[in-house]
Amino acid sequence: MTENIATPRISSGENLLATLKLPEISLATNEQILDHLRHSHKIGAVAADAEQEILILRLCEQLEITVSDEELQAAGDTFRQDHKLLTTSETLAWLAQQRLKVEEWSESIKVALLTQKLKERLFGSTIDTQYLVDPYIFKRVALSQILVVDLTEALKIVKTLQEDKAAFCSLALQYSKGKQSKQNGGFVGIRFVSELMPELGQAIAEAKDGDVIGPIQTKLGYHILKIEKWFSHEFREVKEQVLEFLLQTWIKSQTHSDADSLSTVKNN
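Only a predicted model underlies this, so the values are computations on that prediction, with no experimental measurement involved.

Each value, and the rule that gives it
- Residues numbered from 1 in each chain as written.
- Predicted model: local features only at pLDDT ≥ 70, side-chain atom pairs only at ≥ 80, totals over all residues.
- Heavy atoms only, no water.
- Helix = DSSP H or I, 4+ residues; strand = E, 2+ residues; numbered from the N terminus.
- Buried < 20%, exposed > 50% of the residue type's maximum accessible area, 1.4 Å probe, protein only.
- Contact = heavy atoms within 4.5 Å.
- Areas by Shrake-Rupley, 256 points an atom, 1.4 Å probe, with all protein chains shown as cover.
- Core = buried A, V, L, I, M, F, W, Y, C linked by side-chain atoms within 4.5 Å.
- Expected span 1.5 Å × (residues − 1).
- Arc of directions from axis to C-beta.
- Salt bridge = Lys/Arg side-chain N within 4 Å of Asp/Glu carboxyl O.
- Pairing = 2+ DSSP bridges.
- Axes fitted to C-alpha atoms, helices over the stretch in contact; angles between N-to-C directions.
- Parallel < 35°, antiparallel > 145°, perpendicular 65-115°, else oblique.
- Left-handed = near helix turned anticlockwise from the far one by under 90°.
- Nonpolar A, V, L, I, M, F, W, Y, C, P; charged D, E, K, R; others polar.

Engineer: Help me get a handle on the overall build of the protein, residues and values and all.
Structural biologist: Across its full length, the protein carries 11 helices and four strands. For the protein, the proportion of its 268 residues judged to be buried stands at 28%. Look at the contacts in the protein between residues 6 or more apart in sequence, and 67% of them connect residues 24 or more apart. Of the accessible surface of the protein, which amounts to about 19,000 Å², a share of 55% is contributed by carbon and sulfur atoms.

And the structure:
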């Protein structure tokens, strides 16, 4: 005999909902938006992005990097095509949704163009030369890793992977001393070969998808790597990503240098 279980009614909640009248929803003011970013702990990231934009604009001014009206118009047309804003009404509706004035949208396009030109000015020729010398460093690879400090333990893990067919993910969770690899079951992301420690880049040069390589000794310990997937290294496909990586790395190095200098002044 099947027992019928009645779903309880929350009468007090129903009564409240029946009598509750929602206040009119109005657009949030700039101050309210800032308050929300602070309350949701996102203000720091947004502030960092804003500060980076200011830095980029100042660098462009210093290097006399500019954008012509023709370049701005062409970039605006490309933006509209990419976002399927094919008519004036569609564009204006999108701007309203984003709470942007036409002038503000145009300025955002200009900033993107200036940023691209700055990256090309700072790193473009270097990347072109490096690619001609060693295209391998521009390959991207999805990697998983187990990092340990003891060679005996590393050899034991490799034996378990090879002979017992143990799951790489499980062993990474159990043994890896690297914070990211331990948290993510070994996966450490998609990296350019140039980002890797030289010993690791050399060790995986001939590896194929699915191969397990190691242990490889570095100053951090012993690495056991799994090649999850190699990605295309066609230059045009990766140059923009390399430019962005180099810009971010350079800005961070300069920021850290300034911070270290301030720290030294305070301590002295």
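Engineer: How would you explain the nonpolar core if you had to name every residue and give the values?
Structural biologist: If you look at the biggest cluster of nonpolar residues, it comprises 17 residues, and the most contacted ones within it are Cys60, Leu118, Ile127, Phe138 and Leu247. Among the secondary structure elements, those contributing two or more residues to this core are helix H3 (43-62), helix H6 (102-133) and helix H11 (235-267). Among the elements that line this core, the one with the most residues is H11, at six residues. Other than its neighbours up to four places away in sequence, Leu118 contacts Ile56, Leu59, Cys60, Leu63, Ile65 and Leu247. By size, the runner-up hydrophobic cluster in this structure holds 14 residues, among which are Val188, Met197, Leu225 and Trp230.

Engineer: Describe H3, listing the residues and the values that go with them.
Structural biologist: In an α-helix, one turn spans 3.6 residues; hence positions three or four apart end up facing the same way. Taking 1.5 Å of rise per residue, 20 residues should cover 28 Å, and H3 covers 28 Å from first to last C-alpha, within 8% of that figure. Those residues of H3 that sit buried are Ile56, Leu59 and Cys60. Angular distribution of buried residues about the axis of H3 spans 100°; they occupy a single face of the element. The outward face of H3, more than 90 degrees from its buried face, is lined by the exposed residues Glu51, Arg58, Glu61 and Gln62. Once H3 ends, the next one or two residues include Glu64, with phi positive near 60°.

Engineer: Any details on the pattern of salt bridges? Residues and values, ideally.
Structural biologist: One pass over the structure, following the stated rule, counts seven salt bridges. Here Lys119 ties to Glu240 by a salt bridge, and the two come within 2.7 Å at their closest N and O atoms. In this pair, Lys119 is assigned in helix H6 and Glu240 in helix H11, connecting sequence segments 121 residues apart. Within this structure, Lys119, Glu240 and Glu244 form a network of salt bridges that share partners.

Engineer: How would you summarise helix H4 (residues 69-82) if you had to cite specific residues and measurements?
Structural biologist: If you check H4, its first and last C-alpha atoms are 20 Å apart, about what 14 residues at 1.5 Å a residue would give, namely 20 Å. Residues of H4 that are buried include every one of Ala75, Gly76 and Phe79, and no others. Along H4, the residues classed as buried sweep out an arc of 105° about the axis, all on the same side. Counted as exposed and oriented over 90 degrees from the buried face of H4: Glu70 and Gln81. Taken from the residues just after H4, Lys84 is the one with a positive phi, measuring 55°.

Engineer: Describe unusual backbone geometry, naming the residues involved and giving the relevant values.
Structural biologist: Of the consecutive residues Gly214 and Pro215, the connecting peptide bond is found in the cis state with omega at 5°. Note that Pro215 resides in strand S3 (residues 212-218). Positioned with a positive phi, Glu64 is a non-glycine residue whose angle comes to about 60°. Among the secondary structure elements, Glu64 is positioned in the loop between H3 and H4. The exposed category is assigned to Glu64, whose relative accessible area is 66%.

Engineer: Now, about the sheet that holds strand S4 (residues 221-231): what can you tell me, with residues and values included?
Structural biologist: Strand order in the open sheet formed by four strands is S2-S1-S4-S3, and the pairing between neighbours is antiparallel. The open sheet has two free edges, formed respectively by strand S2 (187-192) and S3, since each of these has just one partner strand. Taking each pair of neighbouring strands and ignoring which way they run, the sheet shows an average axis angle of 35°. Both strand S1 (residues 140-148) and S4 contribute to a ladder of nine bridges, which runs antiparallel. Bridge pairing in S4 places Gln145 opposite Leu225. The sheet strands contacting helix H8 (residues 168-175) are S1, S3 and S4, and the helix crosses S1 at an angle near 45°.

Engineer: Which residues make up the packing of helix H7 (residues 151-163) against H8, and what values do they have?
Structural biologist: Think of two packed helices as two axes; the pair is described by the angle between the axes and how far apart they sit. Close contact between H7 and H8 brings their axes to 10 Å; oriented N to C, the two are set at 155°. One element, H7, and the other, H8, form an angle in the roughly antiparallel class. Here the hand of the crossing between H7 and H8 comes out right-handed. On the side of H7, the interface is formed by Glu153, Lys156, Ile157, Thr160 and Leu161, while H8 contributes Phe168, Leu171 and Tyr175. Partitioned by chemical class, the residues of the contact of H7 with H8 number five nonpolar, one polar and two charged.

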